[in-house]
Amino acid sequence: MEHRLISAIEVALGWSGAEELGNSFVRGSMEDPTLVSRIMTANRLLDIAMRRSLNRPQFRCFQKGEEVHPAIYYTDSVSPRGQSIPMVNMRSLGKLLQEGATVIMDQANVFDPTMEVACRALQWWSRERVQVNAYLTTNDAAGFPLHWDDHDVVIVQLAGEKEWEVHAASRKVPMYRDSDPNNTPSDKIIWSGVMRTGDVMHIPRGHWHQATRTGSGSGKSLHVTFGITKRTGASWLAWLADWCREREIFRHDLDRWHETGGEALTTAAAQLVGERSPDDFLDAYEQETMLPRQVPFLDILGPLDAVACTTHFPPRFQEHGESVDIVTSGKKLTFAAKALPALRLLLSGRPVPLERAAAVVGTEVTELAEILVKEELCAVLTPELSSGYTGLVTNAVS
């Protein structure tokens, strides 16, 4: 899936793929600054908050370096039947923002189709899970204190300016669950400066950083942070621990009273490690059953006229002469080899208008699309989902 944002990030950071992800701090600027307003605007962020029932920590507000109690900017919307739904009080939130505050929307990809498509494109690009948080800061509000993240981040400044300070890591590749709390920041500053509209920055896992508008006066800053969580050696060992349960020797109790079984366990563990490599783990991780949220296809609501592949990672094509297997999301679907051109189109990750696709790969594309939608590998291209691709991802038959 070719996505304009990913292409712009690669150019800005001097990358030619995801290989450099997590290696070193780097920053740059996008060549097309108009792209940022297509990704997200401050008003669109606030509109999302206004129209949904969001709860902490999905939506939070900070002022003067401390989290604002939700009771100050949340209210209960009560229906005529007495049903109570927590909603953001936009008047109260507006007052906080006017005074100077930061609002954070975690996992904006769950609520906004443009963010959803961008994260899916980044997942196909990086082969790792991705989520995006949006940060709107007004006037001279402070940000978070110096901290580090347990995942790599790509930050895109969408509007305004914000001052950043990035330090080196004080512990190599720290983890969320670790043997060391890693509470002491590094004194080594590797970059400090102002991120402006269109700027892009990559901060690897473990690098301490902070951002603020303190002293910047009136104005705003809007940026999104794409969090990319890569697999580690510890992830591989945890996966092996799950596989060991298949073997009886690992299911027996450890005997503290007799010196027996230890050598056999060690031998069995070494055999397990040799049989299931880190590459096997990475392959299996992509094929786990993780079907995305999507609108179901119901023919009573109208015909299927356009679809898009919504799997978390690119489906795999395994050709076997007269047949082809599609492997993804814990499923394997087998089709006749003659369906391959249509399947490649439907599973390209790009929007597919079926009438136009039929003129390119044949009328059977509609039947294949119905199968893929039923199996939840593709989703109905609703107007809302379609808006997430517009201007960012070209359709598959353009």
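Rules and cut-offs
- Residues numbered from 1 in each chain as written.
- Predicted model: local features only at pLDDT ≥ 70, side-chain atom pairs only at ≥ 80, totals over all residues.
- Heavy atoms only, no water.
- Phe/Tyr/Trp six-rings, centres within 6.5 Å; stacked < 30°, edge-to-face > 60°.
- Helix = DSSP H or I, 4+ residues; strand = E, 2+ residues; numbered from the N terminus.
- Buried < 20%, exposed > 50% of the residue type's maximum accessible area, 1.4 Å probe, protein only.
- Lys NZ or Arg CZ within 6 Å of the ring centre and 35° of its normal.
- Arc of directions from axis to C-beta.
- Contact = heavy atoms within 4.5 Å.
- Axes fitted to C-alpha atoms, helices over the stretch in contact; angles between N-to-C directions.
- Parallel < 35°, antiparallel > 145°, perpendicular 65-115°, else oblique.
- Nonpolar A, V, L, I, M, F, W, Y, C, P; charged D, E, K, R; others polar.

**Looking at the packing of aromatic side chains**
Right, so step 1: The full count for this structure, using the stated rule, is nine aromatic pairs.
Right, so step 2: Measuring from centroid to centroid gives 5.5 Å for Trp239 and Phe281, while their planes differ by 45°, and the two rings are tilted. With a gap of 42 residues between them, Trp239 in helix 7 (residues 233-244) and Phe281 in helix 10 (residues 278-286) connect regions that are remote in the sequence. Taken individually, Trp239 and Phe281 each receive the classification buried, so the pair is uniform in this respect.
Right, so step 3: Over the face of the ring belonging to Phe317 we find Arg344, whose NZ or CZ atom lies 4.6 Å from the ring centre.

**Digging into helix 12 (residues 354-361)**
Right, so step 1: Looking at helix 12, one finds that the buried residues are Leu354, Ala357 and Val361. Projection of helix 12 onto a plane perpendicular to its axis shows the buried side chains occupying an angular sector of 55°, all on one side. For helix 12, the exposed residues set more than 90 degrees away from the buried face come down to Glu355 and Ala359.
Right, so step 2: For helix 12, the secondary structure elements touched by its buried residues are strand 13 (306-309), helix 11 (340-346), strand 17 (352-353) and helix 13 (364-374).

**Some words on the packing of helix 7 against helix 10**
For any two helices packed against each other, one specifies the crossing angle of their axes together with the interaxial distance.
Right, so step 1: Contact geometry for helix 7 and helix 10: axes closest at 10 Å, N-to-C directions at 80°. It follows from the interaxial angle that helix 7 and helix 10 lie roughly perpendicular. Contacts between helix 7 and helix 10 involve Ser235, Trp236 and Trp239 from the former and Pro278, Asp280, Phe281 and Ala284 from the latter.
Right, so step 2: A class-by-class count of the residues in the contact of helix 7 with helix 10 yields five nonpolar, one polar and one charged.

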